[in-house]
Amino acid sequence: MCGIWALFGSYEVIQKQISNVLKIAHRGPDAFRVETNMHFFPHCCLAFHRLSVVDDLYGMQPMRVNILPFLWLIYNGEIYNHKALGKEHGFNYQTQCDGEVILHLYARYGAEGAAAHLDGVFAFCVIDTEKGQVHLGRDTYGVRPAFKLLSDDGVLAICSEAKGDVLLRSSPR
């Protein structure tokens, strides 16, 4: 079990809400990482609590791979068919992490196509800095949860557990 947390909004909101990421620290005791202000997404924050299962060295998230530098990924789960998909589609994996297949599938088929190809239990957030888009995906049964909250003032929050987003409030207009 890992923990994903993301916030897209103003710098002020991120500054006030960043402590919420600690509410899901129990989901990943092995490592923790935060990325902010990515190219074309100046007011965002991605965080990841890792329970290391596969690829200790290169499996850390938020994930990017050299051949797809405009894509960022945070995800929780297990992709059962990642090796088969790699062979079938000729993907050149740069890690041994099963989630990397999400980036390759997204680049080729888009968000819905990527999710449709996956067999497993997962929740993911792909950030496409080239297109300026954020995409969420989840397994059909929601085995790996992904809670999202869109505030009245346009702030988008994503978390593995609802308590990571619960303090988000709308700013006065």
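As the structure is a computational prediction, the values presented were derived from the model and not from experiment.

Q: Provide a residue-level description of the pairing of strand β1 (residues 3-8), including the pertinent values.
A: Burial analysis of β1 places six of its six residues in the buried class, which makes it a mostly covered element. In terms of strand pairing, β1 meets strand β3 (residues 41-50) through six bridges, oriented antiparallel. Paired with Leu7 across the strands is Cys45, a residue of β3. As paired elements, β1 and strand β9 (residues 156-159) share four bridges and run antiparallel to each other. Paired with Leu7 across the two strands is Ala157, which belongs to β9.

Q: Can you break down the packing of helix α2 (residues 82-89) against helix α3 (residues 100-117) residue by residue, with the values?
A: As a packed pair, α2 and α3 sit with axes 12 Å apart at the nearest point and diverge in direction by 105 degrees. With respect to their mutual orientation, α2 and α3 come out roughly perpendicular. Residue-level inspection shows His82, Leu85 and His89 of α2 in contact with α3, the latter providing Val101, Leu105, Arg108, Tyr109 and His117. Here the contact of α2 with α3 is composed, by residue class, of four nonpolar, three polar and one charged.

Q: Talk me through the pattern of salt bridges; I want residue IDs and the actual numbers.
A: The full count for this structure, using the stated rule, is one salt bridge. Residues Arg27 and Glu161 are paired through a salt bridge, measuring 3.1 Å at the closest nitrogen-oxygen approach. Residue Arg27 is found in the loop between α1 (11-17) and β2 (31-38), and its partner Glu161 is found in the segment after β9; the two are separated by 134 residues along the sequence. This pair shows no difference in class: Arg27 is buried, exactly as Glu161 is.

Q: Describe the side chain of Asn81, with residues and values.
A: Of note, Asn81 is situated in the loop between β5 (68-79) and α2. A distance of 2.9 Å separates a polar side-chain atom of Asn81 from the backbone oxygen of His117. Among residues more than four places away in sequence, those in contact with Asn81 are His117, Leu118 and Asp119.

Q: Hey, could you go over the packing of aromatic side chains for me, with residue numbers and the actual values?
A: In this description, a pair of aromatic rings is defined by centroid distance and the angle of the planes. Within the structure shown, the criterion is met by two aromatic pairs. Relative to Tyr93, the ring of Phe91 has its centre 6.3 Å away and its plane inclined at 45 degrees; by these criteria the two rings are tilted. Judged by centre distance (6.0 Å) and plane angle (25 degrees), the ring pair of Phe122 and Phe124 falls under stacked. Taking the relative accessible area as the measure of exposure, Phe124 reaches 3% and is therefore buried.

Q: Break down the state of the cysteines for me, citing the residues and quoting the values.
A: Here a disulfide denotes a covalent bond joining the sulfur atom of one cysteine to the sulfur atom of another. Across all of its chains, the model carries zero disulfides by this definition. Cysteine Cys45 is unpaired, with the sulfur of Cys44 as its nearest cysteine sulfur at 7.3 Å. The thiol of Cys125 is not disulfide-bonded; the next cysteine sulfur, from Cys44, is found 9.1 Å away. Note on Cys125: relative accessible area 0%, which makes it buried.

Q: Give me the lowdown on α2, citing residues and values where you can.
A: Turning to α2, its buried residues are His82, Leu85, Gly86 and His89. In an axial view of α2, the angular spread of the buried residues amounts to 100 degrees, which keeps them on one side of the axis. Opposite the buried face of α2, at more than 90 degrees from it, the exposed residues are Lys83, Lys87 and Glu88. Those residues of α2 that are buried are in contact with β5 and α3. Looking one or two residues beyond α2, the residue adopting positive phi is Gly90, at roughly 70 degrees.

The rules behind each value
- Residues numbered from 1 in each chain as written.
- Predicted model: local features only at pLDDT ≥ 70, side-chain atom pairs only at ≥ 80, totals over all residues.
- Heavy atoms only, no water.
- Buried < 20%, exposed > 50% of the residue type's maximum accessible area, 1.4 Å probe, protein only.
- Helix = DSSP H or I, 4+ residues; strand = E, 2+ residues; numbered from the N terminus.
- Pairing = 2+ DSSP bridges.
- Axes fitted to C-alpha atoms, helices over the stretch in contact; angles between N-to-C directions.
- Parallel < 35°, antiparallel > 145°, perpendicular 65-115°, else oblique.
- Contact = heavy atoms within 4.5 Å.
- Nonpolar A, V, L, I, M, F, W, Y, C, P; charged D, E, K, R; others polar.
- Salt bridge = Lys/Arg side-chain N within 4 Å of Asp/Glu carboxyl O.
- Polar contact = N/O pair within 3.5 Å; in protein donor to acceptor, adjacent residues only side chain to side chain.
- Phe/Tyr/Trp six-rings, centres within 6.5 Å; stacked < 30°, edge-to-face > 60°.
- Disulfide = S-S within 2.5 Å.
- Arc of directions from axis to C-beta.

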